[in-house]
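Residues per chain are reported as follows:
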Amino acid sequence: MQLSALQILHVRNLDTITLQCNPDANVLFGDNGSGKTSFLESIYLLGRGRSFRQRDLKSVVQSGTKELVVAGTVRSDQSRSPSSLGVKRSREGRFEARHNGETLRSASQLASQLPLQLVDAHSFILLEGGALQRRQFVDWGVFHVEHGFGSIWRRMQRALKQRNHLLRHDRMDNEQLVSWTREFVSASDAIASHRENYLSELELEIATISKYFDGLGALTIEYINGWDKKVTLADALESDFEKDRRLGKTHQGSHRADLLVKIDGTPAAERLSRGQLKRLIYILKLAQASLYKKRTTESCIFLLDDLPAELDRCHRKQVLDCLSQLSCQFFVTGTEKADFKDLLVNIAHQMFHVEHGEIFPA
Ligand SMILES: Nc1ncnc2c1ncn2[C@@H]1O[C@H](COP(=O)(O)OP(=O)(O)OP(=O)(O)O)[C@@H](O)[C@H]1O
Ligand SMILES: [Mg+2]
């Protein structure tokens, strides 16, 4: 998948931008505050319907304007036929998304039209933050390669919500509790098996991708399914019932799953330096893109905010070479043009200079 053209209106300091994108590599450089991250944020809005910086999109709409608009022409790797994608968000909160002129009902429909991978200054959270980040990482992968995963995931969330609601109720309806518990167990089991299958495929991709990078040590990923593995989830919920009832929530299930990412037997976040952690994050995301391509024959688009931060020249080059090998279009930012010198010698690319909210080919 590639973005061939992009229009941005009123996203932060980007007032009116029209850009033809390079199908391979796009490098945006410029001073602090010039609008580089806002540019990547615009693409992210187009593919996810939300920002990676703020939960509330109000602060993303340019001051003094009523709404933001991002529109793009997307080309599939296979058909090469272009399709149009657009999002609009008013200051008051009205959100619209369209694909080829048709209104989309959810952000997940946007995500299937524009598979994005982002690596920015906050990406460390994948290894250093809570389990939610790692579940989201796996679920992104499963969602994009297994049709139907989204609906199982929503079934689990709905059953969990209903079960928790019943647990909190003074006069609990037992019949309903049994029925929602059964639904929760069935969806949780299905999610666990999808995630485990996905991770075993991902491990093979990780081994391949790791060859592009200097060794970090022996990497292992263990899936923790969110309940005592020695028993079924139904039994785990039964033995936890008093605790769940007392605290009014379900303590075991696929909503508590996690990944244990280790290097030479030690949790990666405790072992690696900042630059090594960043490299591991690239390896994980590139492996996802590689698996996505195998399963869908389409490539992901990468957004790399401030690539030079944390990575030395040699590792910057390894990242870009690997992206190029995977035929992933990418948009990369940095403050200095010179930071990209010699990194793109064998990669077709376009440089852009970002200056006070305007973007010029450079
Ligand atoms: N809602 C808004 N309306 C107008 N301008 C905004 C809005 N929100 C943020 N800005 C401004 O947009 C500018 C662009 O910010 P952005 O984070 O994109 O810069 P950057 O080029 O990534 O900088 P850095 O190199 O420091 O990361 C900043 O000057 C910021 O103050
Ligand atoms: Mg920035």
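Residues numbered from 1 in each chain as written. Chains lettered and ligands numbered in written order. Predicted model: local features only at pLDDT ≥ 70, side-chain atom pairs only at ≥ 80, totals over all residues.

## Looking at the pairing of strand E15 (residues 358-361)
Pairing between strand E14 (residues 349-355) and E15: 4 bridges, direction antiparallel. Bridge assignment links histidine 353 to a residue of E15, and that residue is phenylalanine 360. Two successive antiparallel strands, E14 and E15, enclose a turn made up of 2 residues, where histidine 356 displays a positive phi of approximately 45°. (Pairing = 2+ DSSP bridges. Helix = DSSP H or I, 4+ residues; strand = E, 2+ residues; numbered from the N terminus.)

## So, the pairing of strand E3 (residues 25-29)
Of all the 5 residues making up E3, 5 are buried; the element is thus mostly covered by neighbouring parts of the structure. Residues Ala25, Val27 and Phe29 line one face of E3 and the alternating positions Asn26 and Leu28 line the opposite face, and both faces are buried. With 5 bridges connecting them, E3 and strand E13 (residues 330-334) associate as parallel partners. Looking at the pairing, phenylalanine 29 lines up with glycine 334 of E13. Pairing analysis gives 5 bridges linking E3 to E14, with the strands arranged parallel. (Buried ≥ 20, exposed ≤ 12 C-beta atoms within 10 Å, placed from the backbone.)

## A few points about the domain arrangement of the protein
Each assigned domain of the protein is listed here: domain 1 (1-115 + 298-362) and domain 2 (126-297). Centre-to-centre, using C-alpha coordinates, domain 1 lies 28 Å away from domain 2. Between domain 1 and domain 2, the residue contacts involve 17 residues of the former and 17 residues of the latter. In terms of residue count, the dominant contributor to the side of domain 1 that touches domain 2 is helix H11 (residues 313-325) (5 residues). Partitioned by chemical class, the residues of the side of domain 1 that touches domain 2 number 7 nonpolar, 5 polar and 5 charged. (Domains from an automatic or database assignment. Contact = placed C-beta atoms within 7 Å. Nonpolar A, V, L, I, M, F, W, Y, C, P; charged D, E, K, R; others polar.)

## Some points on helix H5 (residues 149-168)
End to end, H5 covers 29 Å across 20 residues, agreeing with the expected 28 Å (1.5 Å per residue, within 8%). Within H5, burial applies to Trp153, Met156, Ala159, Leu160 and Arg163. What you see down the axis of H5 is that its buried residues fit within an arc of 130°, all on one side. Turned more than 90 degrees away from the buried face of H5 sit Ser151 and Arg168, all of them exposed. For H5, the secondary structure elements touched by its buried residues are helix H4 (131-145) and helix H6 (174-210). (Expected span 1.5 Å × (residues − 1). Arc of directions from axis to C-beta.)

## Some thoughts on the site of ligand 1
Around ligand 1 sit 14 residues, and of these Asn13, Asn32, Gly33, Thr37 and Ser38 come closest. Of the residues in the shell around ligand 1, the class split is no nonpolar, 12 polar and 2 charged. (Near = placed C-beta within 6 Å.)

## Re the packing of H6 against helix H10 (residues 274-296)
Two quantities define a packed helix pair, namely the angle between the helix axes and the distance between the axes. Orientation of H6 relative to H10, taken along the N-to-C sense of each, is 115°, at an axis distance of 8 Å. The element H6 and its partner H10 pack so that their crossing is right-handed. Two secondary-structure elements touch here, H6 through Glu201, Leu202, Glu205, Ile206, Thr208, Ile209 and Ser210 and H10 through Ile283, Leu286, Ala287, Gln288, Ser290 and Leu291. (Axes fitted to C-alpha atoms, helices over the stretch in contact; angles between N-to-C directions. Left-handed = near helix turned anticlockwise from the far one by under 90°.)

## Some words on the sheet that holds strand E8 (residues 116-119)
Taking strand neighbours across the sheet as the criterion, the 6 strands line up as E8-E12-E13-E3-E14-E15 in an open arrangement whose pairing is mixed. Since the sheet does not close on itself, it has two edges, and those belong to E8 and E15, each with one partner. This sheet shows a mean twist of 20° between the axes of neighbouring strands, independent of strand direction.

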